[in-house]
Amino acid sequence: MGAAPPGPERVAGENAAPQGRLEFQQLGGPSAAGTSSGPSGTSASTPGGHAPGGSAPGGATTPGPGGSGSAPGTPPGAGPAATPPGTPTLPETPHGPGAPESPGAASPPGTPTSPGSGPGTTPPAPPAPPATPARLTLSAPARSAAAERWCERVTVTFTNTGTTAARSGTVSFATHVIGALGIDWATITTAQPLPAPIAGKAVRTQVFMVCLEAWRVPLGMHVETRKVTASWS
């Protein structure tokens, strides 16, 4: 084998890095000239060293067959981030044709709006009906006795069917003098002011005290107001 190389004593079984260029030749194979390692920088272990994938000279680690070395240009530990277990995932928003719009989405330009829906828009007021002049209708007189025989209380209801108020007028009473045997001796007409104004489409009820001269109604006779008319302006 020859003399041991100079240096510290080496324990049996301990690996030692080669100190010069090594060449491997396969037994029974081609000549050493065709199998010499090129200047690719690939290190080989000495006989008795570790299998491929072990430590190379100088402490560099060479990946073995099927190893998990990083790809060129990829820093250690780089890669797609994994989602932690239990993290909820949100559904993707559809962007394709026919996808429903989110609530409150603005209408596209040119979309017609319903009439009268804009701010501050009020519907037009209906036209006012034409004004009509005052027109009074009178109810039948409701009579009641008074303290004197030549007087009686007469209640009349006035209804204005026009839209204009009756501002003034006169109410006329046709009062009959009736004898003790029921004979109608005379009809006397008296007048009183109209209880104006009476507004358009309004109704007013008024009680009148209708009286004749005392001498026109002798003892045993009485009065009856049977007809009431009115004039107004």
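So, here is what we can say about the structure in this document. (Residues numbered from 1 in each chain as written. Predicted model: local features only at pLDDT ≥ 70, side-chain atom pairs only at ≥ 80, totals over all residues. Heavy atoms only, no water.)

1. Quick look at the overall build of the protein chain
As a reminder of what qualifies: Think of it this way: any DSSP run of H or I at least four residues long counts as a helix, any run of E at least two long counts as a strand, and we number them from the N terminus. What makes two residues a contact is simply this: any of their non-hydrogen atoms within 4.5 Å.
What the protein chain contains, in helices and strands, is 1 helix and 7 strands. Of the contacts made within the protein chain by residues no fewer than 6 positions apart, 66% connect residues no fewer than 24 positions apart.

2. Structural notes on the packing of aromatic side chains
Going by this rule: Planes of paired rings set the category: under 30 degrees apart is stacked, over 60 is edge-to-face and the rest tilted, where pairs are Phe, Tyr or Trp rings (Trp by its six-membered ring) whose centres lie within 6.5 Å. Only protein chains enter the accessibility calculation, which uses a 1.4 Å probe; a residue is then buried when its area is under 20% of its type maximum, exposed when over 50%, and partly exposed in between.
Under the counting rule described, the total for this entry stands at 2 aromatic pairs. With a centroid separation of 6.3 Å and an interplanar angle of 75 degrees, the aromatic rings of F158 and F208 are classed as edge-to-face. Placement of the pair is F158 in strand β3 (residues 151-160) and F208 in strand β6 (residues 203-211), with a sequence separation of 50 residues. Of the two residues, F158 and F208, both sit in the buried class.

3. Describing unusual backbone geometry
Here A196 and P197 are connected by a cis peptide whose omega angle stands at -5 degrees. Its place among the elements puts P197 in the loop between β5 (184-193) and β6. Even without a glycine there, the phi angle at K201 is positive, about 65 degrees. Looking at where K201 falls in the secondary structure, it is placed in the loop between β5 and β6.

4. Observations regarding the side chain of N160
Put simply, the test is: What qualifies as a polar contact is a pair of N or O atoms within 3.5 Å, subject to a donor-acceptor requirement within protein and to the restriction that residues adjacent in sequence count only when both atoms come from side chains.
Checked against the element boundaries, N160 lands in strand β3. Within the local environment of N160, its side chain forms a polar contact with the backbone oxygen of I198, the two atoms lying 3.1 Å apart. Residue contacts for N160: discarding those within four places in its chain leaves A134, R135, L136, A165, A166, I198, A199, G200, K201 and A202.

5. Points about the sheet that holds strand β7 (residues 222-232)
The test is simple: A pair of strands counts as paired when DSSP detects no fewer than two bridges linking them. Fitting a line to C-alpha atoms yields each axis, with helices limited to the stretch in contact; the angle taken between N-to-C directions then spans 0 to 180 degrees.
One open sheet accounts for 3 strands, arranged β5-β4-β7; its pairing is antiparallel. Of all the strands in the sheet, the pair left with one neighbour each is β5 and β7. Neighbour-to-neighbour, the strand axes of this sheet turn through a mean angle of 20 degrees, independent of strand direction.

6. Quick look at the nonpolar core
Put simply, the rule reads: Throughout this description, the term nonpolar core refers to a set of buried Ala, Val, Leu, Ile, Met, Phe, Trp, Tyr and Cys residues connected via side-chain atoms within 4.5 Å.
The biggest cluster of nonpolar side chains holds 13 residues, and the ones touching the most others in it are F158, V171, F173, L194 and F208. Those elements that provide at least two residues to this core are β3, β4 (169-178) and β6. No other element matches the 3 residues that β3 contributes to this core. Setting aside residues no more than four positions away along its own chain, V171 makes contact with F158, T190, A191, Q192, P193, L194, P195, F208, V228, T229 and A230. If you look at the next biggest cluster of nonpolar residues, it comprises 6 residues, including V177, L212, V217 and M221.

7. Remarks on the state of the cysteines
Cysteine pairs can be covalently joined through their sulfur atoms, and such a bond is termed a disulfide. Defined as follows: Any cysteine sulfur atom paired with another within 2.5 Å is treated as part of a disulfide.
Overall, the coordinates contain 1 disulfide when judged by the stated rule. There is a disulfide in this structure between C151 and C211, and the S-S distance comes to 2.1 Å. Because the sign of the S-S torsion sets the handedness, a value of about 120 degrees for the bond joining C151 and C211 places this disulfide among the right-handed ones. With C151 in strand β3 and C211 in strand β6, this residue pair connects regions lying 60 residues apart in the sequence.

8. Thoughts on the environment of V177
Positionally, V177 belongs in strand β4. As a C-alpha pair, V177 and T187 span 10 residues in sequence and 6.2 Å in three-dimensional space. Contacts of V177, omitting those with residues within four sequence positions, involve I183, D184, W185, A186, L212, R216, M221 and H222.

9. Topic: the pairing of strand β2 (residues 142-145)
Summarising the sheet, β2 and β3 pair through 4 bridges and their orientation is antiparallel. Bridge pairing in β3 places A142 opposite T155. The loop that links β2 with its antiparallel partner β3 comprises 5 residues.

10. Comments concerning the environment of A202
Note that A202 resides in the loop between β5 and β6. Each C-alpha atom of the pair A202 and N160 lies 5.5 Å from the other, and the pair is 42 residues apart in sequence. Residues in contact with A202, not counting those within four places in the same chain, are F158, T159 and N160.

11. As for the side chain of E224
By the element assignment, E224 lies in strand β7. Of the residues examined, E224 reaches a relative accessible area of 17% and is grouped as buried. Here H222 takes part through its side chain, which lies 3.0 Å from a polar atom of the side chain of E224. In this structure the side chain of E224 is engaged in a polar contact, spanning 2.9 Å, whose partner is the side chain of R226. When near neighbours in sequence (up to four residues on either side) are disregarded, E224 contacts R143, E152, A174, T175, H176 and I178.

Structural measurements only, silent on function.
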